[in-house]
There are 2 protein chains.
Amino acid sequence: MTALEIEPLAAAAFAPFGEVIEIAGAEAREINQGTTTRFHDLCRIDVSASGGRALLSLFRADGRPSPIVIELLERHPLGSQAFFPVSNADWLVVVATGAADDASRPDLAALRCFRARGDQGVNYARGVWHHPVLVLAPRQDFLVVDRGGPDGEDASANLDEVWFSDQPRTIQI
Amino acid sequence: MTALEIEPLAAAAFAPFGEVIEIAGAEAREINQGTTTRFHDLCRIDVSASGGRALLSLFRADGRPSPIVIELLERHPLGSQAFFPVSNADWLVVVATGAADDASRPDLAALRCFRARGDQGVNYARGVWHHPVLVLAPRQDFLVVDRGGPDGEDASANLDEVWFSDQPRTIQI
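Here the residue index of a chain counts from 1 through its sequence in written order. Labels are handed out in written order, letters beginning with A for the chains and numbers beginning with 1 for the ligands. Where totals are concerned, whole chains, interfaces and linings use all residues; where local detail is concerned, this predicted model gives features only for residues with pLDDT of at least 70, and gives and counts side-chain atom pairs only at 80 or more. Hydrogens and water are ignored here; the side-chain numbers use all heavy atoms of the structure.

A.B. asks: Quick rundown of the relation of the copies chain A and chain B? Include the residues and the values.
C.D. replies: Rotating chain A by 180° and translating it 0.0 Å along the rotation axis places it on chain B, where the RMSD comes to 0.0 Å. The operation mapping one copy onto its partner corresponds to a two-fold rotation axis. Rotation axis and chain A: the residue whose C-alpha lies nearest the axis is Val 86 of chain A, separated from it by 2.2 Å. Interface overlap between copies: 100% of the residues of chain A at the interface are likewise at the interface in chain B, consistent with a symmetric, same-surface contact. Least-squares fitting of one copy onto the other uses the C-alpha atoms of those residues that reach a pLDDT of at least 70 in both copies. Residues count as neighbours in contact if any of their non-hydrogen atoms are within 4.5 Å of one another.

A.B. asks: Account for the sheet that holds strand S3 (residues 18–21) of chain B, naming residues and giving values.
C.D. replies: By definition, two strands form a pair when at least two bridges between them are found by DSSP. Secondary structure elements are taken from DSSP: a helix is a run of H or I of four residues or more, a strand is a run of E of two residues or more, and numbering for both begins at the N terminus. One open sheet accounts for seven strands, arranged S4(A)-S5(A)-S6(B)-S17(B)-S9(B)-S14(B)-S3(B); its pairing is antiparallel. A strand with exactly one partner marks an edge of an open sheet, and here the two such strands are strand S4 (27–31) of chain A together with S3 of chain B. Here the strands of the sheet are splayed against their neighbours by 25° on average, with no regard to which way each runs. The convention used is that axes are lines fitted to C-alpha atoms, helices contributing only their stretch in contact, and that angles between N-to-C directions extend from 0 to 180 degrees.

A.B. asks: So, the pattern of salt bridges: which residues are in play, and what are the values?
C.D. replies: Side-chain pairing between opposite charges can occur once the charged atoms of the two side chains come close. All names here are of chain A. Any carboxyl oxygen of Asp or Glu that lies within 4 Å of a side-chain nitrogen of Lys or Arg is treated as forming a salt bridge with it. For the structure shown, the criterion picks out 22 salt bridges over all chains. One salt bridge in this structure joins Glu 7 and Arg 112, with 2.7 Å as the shortest N-O distance. Of the two residues, Glu 7 sits in strand S2 (residues 6–8) while Arg 112 sits in strand S13 (residues 112–116), which places them 105 residues apart along the sequence. Burial status follows relative accessibility: with a 1.4 Å probe on protein chains alone, a residue under 20% of its type maximum counts as buried, one over 50% as exposed, and anything between as partly exposed. Look at Glu 7 and you get buried, because its relative accessible area is 17%. Its relative accessible area of 26% is what places Arg 112 among the partly exposed residues. Its salt-bridge partner being Glu 22, residue Arg 117 comes within 3.8 Å of it at the nearest N-O pair. Linking Arg 117 in the loop between S13 and strand S14 (121–124) with Glu 22 in the loop between strand S3 (18–21) and S4, this pair joins segments that are 95 residues apart in sequence. On the basis of relative accessibility, which here comes to 40%, the residue Arg 117 falls in the partly exposed class. Shared partners join several salt bridges into a network, and the residues in it are Glu 22, Arg 117 and Asp 119.

A.B. asks: Summarise the environment of Ser 48 of chain B; cite the residues concerned and give the values.
C.D. replies: Among the secondary structure elements, Ser 48 of chain B is positioned in the loop between strand S5 (36–40) and strand S6 (53–62). Placed 100 residues apart in sequence, Ser 48 of chain B and Gly 148 of chain B show a C-alpha to C-alpha distance of 8.9 Å.

A.B. asks: So, the nonpolar core: which residues are in play, and what are the values?
C.D. replies: Nonpolar cores are built from buried Ala, Val, Leu, Ile, Met, Phe, Trp, Tyr and Cys residues. Side-chain atoms within 4.5 Å join them into one set. Counting 28 residues, the largest nonpolar core has Ile 45 and Leu 56 of chain A together with Ile 45 and Leu 56 of chain B as the members making the most contacts within it. When contributions to this core are tallied by element, the ones reaching two or more residues are strand S6 (53–62), strand S9 (81–85) and strand S17 (139–148) of chain A together with S6, strand S9 (81–85) and strand S17 (139–148) of chain B. In contact with Ile 45 of chain B, other than residues within four places in its own chain, are Ala 54 and Leu 56 of chain A together with Ala 54, Ser 80 and Val 145 of chain B.

A.B. asks: Give a detailed account of the interface of chain A and chain B, specifying residues and quantitative values.
C.D. replies: Tallying the contact residues gives 44 residues for chain A and 44 residues for chain B. Together, the buried faces of chain A and chain B total about 3600 Å²; carbon and sulfur atoms form 58% of this surface. Taken as a group, Arg 38, Leu 56 and Leu 58 of chain A account for 18% of the area that chain A buries against chain B, more than any other trio of residues on that side. Applying the counting rule to chain A against chain B returns four salt bridges. We note a salt bridge from Asp 146 of chain B to Arg 38 of chain A, for which the minimum N-O separation is 2.8 Å. A 3.5 Å cut-off defines polar contacts: any pair of N or O atoms within that distance qualifies, except that in protein one atom must be a possible hydrogen donor and the other a possible acceptor, and neighbouring residues in sequence count only when both atoms are side-chain atoms. Seen at the junction of chain A and chain B, the total is 18 residue pairs in polar contact (both at pLDDT 80 or more). Considering each element in turn, the side of chain A that touches chain B owes the most residues, ten residues, to S6 of chain A. Residue composition of the side of chain A that touches chain B, by class: 23 nonpolar, eight polar and 13 charged. Alignment of S6 of chain A against S5 of chain B, held across four bridges, turns out to be antiparallel. Within the sheet, the bridge partner assigned to Arg 60 of chain A lies in S5 of chain B and is Thr 37 of chain B. Buried area: the sum, over both parts, of the accessible surface (1.4 Å probe) that disappears when the two are put together. As a working rule, the residues Ala, Val, Leu, Ile, Met, Phe, Trp, Tyr, Cys and Pro are called nonpolar, Asp, Glu, Lys and Arg charged, and the rest polar, with Gly in that last group.

Printed below as a string of structure tokens:
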């Protein structure tokens, strides 16, 4: 099985997939009589398609055995999805661009794996292929901002999944 | 100066002002092949008035000398504002209902002070009077979801402030 190279998460490298949510490089506004700095508008919350609205949820993710096996990607055609850790530990982000010859599939040759610091989040742009959340700690919680639809929270219209269990990748920690 | 009573933050007590963002009591959905629990849709992100959209920002708040002097409240007439700490330390939430005889003013006799745990956030409902973020640690960061307007991010239409320096309250830590 092919092991993915692990890259440090950085805004420029992640730009094809969305935004890195972090203080570094952000617009800083002094507010609240100088007691608070607002690092303003860190990503594009893109959830209004087809009557959507922003949801705020908490995700509690458990670690997986090493090597981590990557055999699945998903995407949300109707909305962005932002993750930010609420405990400070490194975590992993796996993404891919779409296949040039088939827009309904990711380009598995273009899989990327980023190691995020515990003070970095990501916002997957609408339609970007990504792996479900991957943590390195035994357990880690995230604040998540994504899209809720008008149809009783049925997420099926906003989820595409592709399995490639016959050609898995691995991540060696 | 009158010292405010400090109450533990709990959903029922905070209900007149918005929602407590926490795992306890939330709808739990198992996702990602059983590796993740999604605590779903924890508050009402109410930001679409007057062409608004959801913003995701980070706030870095510095502690204040004790006793903390409360002489100001603010409200956002066009949108809700959610805070969730990204480091696990207790913090404070000060809110008030509107005055019965003057909707443009808070009822200072109804000021409430809640002590939030580090794994609790709050979402101030649209138009709820609240104090700017108050931390007990020397410094604490928060993820914030609030409203951005269509008019070049000018927040003035979405901010009312009332000062009462002649009749301040205090918080004894």
